[in-house]
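Here's the letter readout for the chains.
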Amino acid sequence: MKTAQSIYESLQTERNYWLDRGRRSASLTVPYLIPRSNQQTMDNTDAYTLPWNGIGQRGTNNLSAKMLMAILPPTEAFFRFTLDPVEMEKQEAAMAESGATPEEIASAKSEIELTLNKLELSILRSIETSNDRVVVHEAIMHLVVSGNVLMYVGDDGLRCYHLNRYVLLRDPVGEPLVAVTMETMAIDQLPASIRDELDKDDEYSDVMDTQEPLTADGKRMTVDVYTCVKWTSDQVEWWQEINNKEVEGTRGTASKEISPWLPLRMNRIDSSSYGPGYIESACIADLQTAEALSQAVTECALVSAQVKHLVKPSGVTNAKGLAESPNGSYLPGNPDDVYTVRTDKGSDINVAFTALQRIEQRLAASFMLAEMRDAERVTAEEVRIQALQTETSLGNVYAILTVEFQAPYIRRKLELYMRQGGMPRLPKDLVKPMVSVGLSGVGRGNDLEKTARFIQILQQALGPEGMAKYVNNPELIKRLSSSMGISPIGLVKSEQQLAAEMQQAQEAAMQQQMMANPEKLASAAQTAQEMNTPQEQQPNG
């Protein structure tokens, strides 16, 4: 059986190819994300070459923030538990056969939905109080730049493994088969369980007994820890190895549906274990062009900003006296002896600068930067349509992240919450989590756009009277609230409230009519008095 280190070394060649491609994207955007070395080291002090144009870094941060708000929005639930309609129909049929009335079945269903709603809030609260959002943002930045990242959802929170820290092998369908992470850790940073195992090894026992984290030359004593993860048809298994020996107590297993290991990629390529990042797939050419033009324009501007003078060697003007004289002084000399150097490259700089502006506009659209067209009047409708178009352009990104991250992440968090005793286990076939943001949010935005456009055309064709005659307002409110992701409960009046208000209005109108006609008011009062007066009982004949 191969060791974790041998598997890691055998899969390094393909990983390093994709790592070099990601490093090229990082050099144009955020250089510190991917260091120059393929092997991680403690206290890395690599020097990074900064790009000449900052739109790549600004766009990467902006796009990562937008994707984080779409995947894990802080103001709304990004998932909800739904009842499987087939299983729910079976449960209702069983309840009906046992003698339950339709009202009791509906009441039981409402209680289940209310309980699931409370469970959603509890899980969201646990996510908000953890470091998950910070780690997810880090993972998204690596997906944008390098296109690959490995996440671990553990009891203590999330961990993000960069591309230079792991290798991965997938089958032709795209399902992961094996992954190996390599971490160079200092002896004093190892967990207590691993330290106890190393203490039993003769190679490390002397080091563990000294309790001294530094060697004689002042460097920290480190050890390479390999974590091997293997997926099968229905479960995932992992363990850790040090010096080609398995560390006891580190082996773990889990169902494939609730696996804590999530290998993520930004784009899918058939029969490939890795995928390109957003930078490489969307804007690498424009970034390279902008980098070259920015360097040329900046260097030319720096040269043009310099002020240098030439002095005729045979002239009467003293060059040293001219250079050392204060401002506004009078010196003997001939103005023909002094010449100011000029580059005369202004027109050439303008050509390069104009091309750079066009490239930056395309990059701003790729990075979803809020830059409107240069005009005196830019309507709010134009801004909204452009925002919708940019959100829709990320539909493929949301699609793969929904399958490979959001859904497994929710299932894993639910498993951890139930394992910690937060709630009893839910029936697996009846209750299923469903993602309600990301790609679903893009779909709701398209539905909102179509509904608003339909109502606008209908109002122009039929007018206000036709709209009141043909449009069902309660149904329209439901569709608009659903497409915008807003709950109408408590915000929009229900049909019962509208009926009660209409009845009150009718009663108030009748009272006003009676007040305007005293005879009707007196007649109504007399009628009410006669109805309230008890009739005298007739004596028995």
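My aim in this report is to walk through the structure given alongside it, one point at a time. (Residues numbered from 1 in each chain as written. Predicted model: local features only at pLDDT ≥ 70, side-chain atom pairs only at ≥ 80, totals over all residues. Heavy atoms only, no water.)

**Let's talk about the overall build of the protein**
Keep this limit in mind: Only DSSP runs of H or I with at least four residues qualify as helices, and only runs of E with at least two residues qualify as strands; both kinds are numbered from the N terminus onward. Any residue under 20% of the maximum accessible area for its type is buried, any over 50% is exposed, and the rest in between are partly exposed; the area is computed with a 1.4 Å probe on protein chains only. The contact rule is simple, with two residues in contact once any of their heavy atoms fall within 4.5 Å. Note on areas: Shrake-Rupley with a 1.4 Å probe; residue coverage comes only from the protein chains shown.
Along the protein, the regular secondary structure elements total 18 helices and 13 strands. Taken across its 541 residues, the protein has 37% of its residues classed as buried. Partitioning the contacts of the protein with sequence separation of at least 6, the portion at a separation of at least 24 is 68%. About 32900 Å² of surface is accessible on the protein, with carbon and sulfur atoms providing 53% of the total.

**A closer look at the nonpolar core**
Rules: For our purposes a nonpolar core is just a set of buried Ala, Val, Leu, Ile, Met, Phe, Trp, Tyr and Cys residues, chained together by side-chain atoms within 4.5 Å.
If you look at the biggest cluster of nonpolar residues, it comprises 64 residues, and the most contacted ones within it are Met67, Met151 and Tyr409. For this core, the element with the highest residue contribution is helix α14 (residues 395-419), accounting for eleven residues. Apart from the residues within four sequence positions on either side, Met151 is in contact with Val135, Val136, Ala139, Leu158, Arg159, Pro260, Trp261, Leu262, Leu264 and Phe405. In this structure, Leu11, Cys228, Val229 and Tyr274 belong to the second largest nonpolar core, which totals 32 residues.

**Notes on the pattern of salt bridges**
Using the following cut-off: Should a side-chain nitrogen of Lys or Arg be within 4 Å of a carboxyl oxygen of Asp or Glu, the pair is scored as a salt bridge.
Taken as a whole and judged by the stated rule, the model has 16 salt bridges. The salt bridge involving Arg24 is made with Glu280; its shortest N-O contact spans 3.7 Å. Residue Arg24 is located in helix α2 (residues 12-28), and its partner Glu280 is located in helix α9 (residues 278-282); the two are separated by 256 residues in the primary sequence. Among the ionic pairs, Arg419 bridges to Asp155, the shortest N-O distance being 4.0 Å. Pair noted here: Arg419 is in helix α14 and Asp155 is in the loop between β2 (148-154) and β3 (157-161), with a separation of 264 residues, a long-range link. What makes Arg419 partly exposed here is its relative accessible area of 45%. One salt-bridge network, held together by shared partners, links Arg21, Arg24 and Glu280.

**Here we look at unusual backbone geometry**
For Asn243, which is not glycine, the phi dihedral falls at a positive 55°. For Asn243, the position within the fold is in the loop between β7 (235-242) and β8 (245-246).

**Examining the packing of α2 against helix α10 (residues 284-305)**
We apply this condition: Simply put, an axis is a line fit to the C-alpha atoms, just over the touching stretch for a helix, and the angle between two N-to-C directions goes from 0 to 180 degrees. Convention used here: angles under 35 degrees read as roughly parallel, angles over 145 as roughly antiparallel, angles from 65 to 115 as roughly perpendicular, and any remaining angle as oblique. Crossings are classed by handedness, with left-handed meaning an anticlockwise turn of the near helix from the far one by less than a right angle and right-handed meaning a clockwise turn. Note that Gly is not counted as nonpolar here; it falls among the polar residues with everything else outside the nonpolar set of Ala, Val, Leu, Ile, Met, Phe, Trp, Tyr, Cys and Pro and the charged set of Asp, Glu, Lys and Arg.
Two numbers describe how α2 lies on α10: the axes approach to 10 Å, and their chain directions differ by 45°. Judged by the inter-axis angle, α2 sits oblique to α10. The crossing of α2 and α10 is left-handed. Listed contacts from α10 to Arg24, Ser25 and Leu28 of α2 are Ile284, Leu287, Gln288 and Glu291. Grouping the constituent residues of the contact of α2 with α10 by class yields three nonpolar, two polar and two charged.

**Here we look at the packing of aromatic side chains**
Our working definition: Side-chain rings of Phe, Tyr and Trp (the six-membered ring for Trp) are treated as a pair once their centres are within 6.5 Å; stacked means planes under 30 degrees apart, edge-to-face means over 60, and tilted covers the remaining angles.
A complete count under the given rule lists five aromatic pairs for this structure. Where Tyr8 meets Tyr226, the ring centres are 5.8 Å apart and the plane angle is 70°; that geometry is what we call edge-to-face. Of this pair, Tyr8 sits in helix α1 (residues 4-10) while Tyr226 sits in strand β6 (residues 222-231); the two residues are 218 residues apart in sequence, bridging distant segments of the chain. An aromatic cluster of three or more residues is present, and its members are Tyr152, Tyr161 and Trp261.

**Examining a nonpolar patch on the surface**
What counts here: To count toward a patch, a residue needs a relative accessible area over 30% and no salt bridge; like charges are then connected within 9 Å, while nonpolar side chains (Val, Leu, Ile, Met, Phe, Trp, Tyr) are connected within 5 Å.
A surface patch of nonpolar side chains, about 300 Å² in accessible area, is lined by Leu310, Tyr339 and Val341. As for its placement among the helices and strands, Val341 is situated in the loop between β12 (338-340) and α12 (346-366).

**Some remarks on α12**
Side chains that are three or four residues apart share a direction in an α-helix, a result of its 3.6 residues per turn. Heads up, the rule is: What a helix is expected to span follows from its residue count: subtract one and scale by 1.5 Å.
Taking 1.5 Å of rise per residue, 21 residues should cover 30 Å, and α12 covers 30 Å from first to last C-alpha, within 8% of that figure. What α12 keeps buried is the set Ile349, Ala352, Ala355, Leu356, Ile359, Leu363, Ala364 and Ser366. The elements touched by buried residues of α12 are α3 (55-71), α9 and α10. A positive backbone phi angle near 60° is found at Met368, which sits one or two residues after α12.

**Regarding the environment of Met67**
Mapped onto the fold, Met67 is located in helix α3. With a relative accessible area of 1%, Met67 lands in the buried category. A sequence separation of 70 residues divides Met67 from His137, and the C-alpha atoms of the two residues are 8.5 Å apart. Among all residues touching Met67, those that are not within four sequence positions of it are Ile140, Val144, Met266, Leu394, Val397, Tyr398 and Leu401.

**Describing the pairing of β7**
Within a regular strand, side chains alternate between the sheet's two faces. The line we're drawing: Should DSSP find at least two bridges between two strands, the strands are regarded as paired.
Extensive coverage of β7 is indicated by the burial of six of its eight residues. With seven bridges connecting them, β6 and β7 associate as antiparallel partners. For Val229, the partnering residue across the bridge sits in β7 and is Trp238. Between β6 and β7, which pair antiparallel one after the other, the connecting turn spans three residues.

**What about the sheet that holds strand β10 (residues 261-265)?**
Strand order across the open sheet formed by three strands is β3-β2-β10, with antiparallel pairing between neighbours. The open sheet is flanked by β3 and β10, the only strands paired with a single partner. Strand after strand, the sheet turns through a mean of 25° between neighbouring axes, direction not considered. Both β2 and β3 contribute to a ladder of five bridges, which runs antiparallel. Looking across to β3, one finds that Gly154 is bridged to Gly157. α14 contacts β2, β3 and β10 of the sheet and is inclined by roughly 160° relative to β10.

**As for the side chain of Asp337**
As a reminder, the rule being used: Lys and Arg are tallied as positive, Asp and Glu as negative. Neither His nor the chain termini are counted.
With respect to the secondary-structure elements, Asp337 resides in the loop between α11 (319-324) and β12. For the buried Asp337, which has no salt bridge, the nearest side chain bearing the opposite charge is Lys312, at an N-O separation of 4.2 Å. Ignoring anything within four residues of it in the chain, the contact list for Asp337 reads Leu310, Val311, Lys312, Gly315, Val316 and Thr317.

**Overview of the environment of Val303**
Looking at the element boundaries, Val303 is found in helix α10. Put simply, Val303 and Arg342 are 39 residues apart on the chain and 9.7 Å apart in space, counted from C-alpha to C-alpha.

**Structural notes on the side chain of Thr181**
Take Thr181: it is sitting in strand β5 (residues 176-186). Among residues more than four places away in sequence, those in contact with Thr181 are Leu150, Tyr161, Arg165, Tyr166, Val225, Tyr226, Thr227 and Trp261.

**What to know about α14**
Just so we agree on the cut-off: Consider a residue and the seven residues that end there alongside the seven that start there; fitting an axis to each set, the bend is the angle between those axes.
Helix length check: α14, at 25 residues, gives a terminal C-alpha distance of 34 Å against a target of 36 Å (1.5 Å per residue), a fit within 8%. The largest bend in α14 is about 50°, located at Thr402. Burial within α14 is extensive, with 19 of its 25 residues counted as buried. With its phi angle positive at about 85°, Gly421 sits one or two positions after the end of α14.

Functional significance is not addressed by these values, which are geometric in nature.
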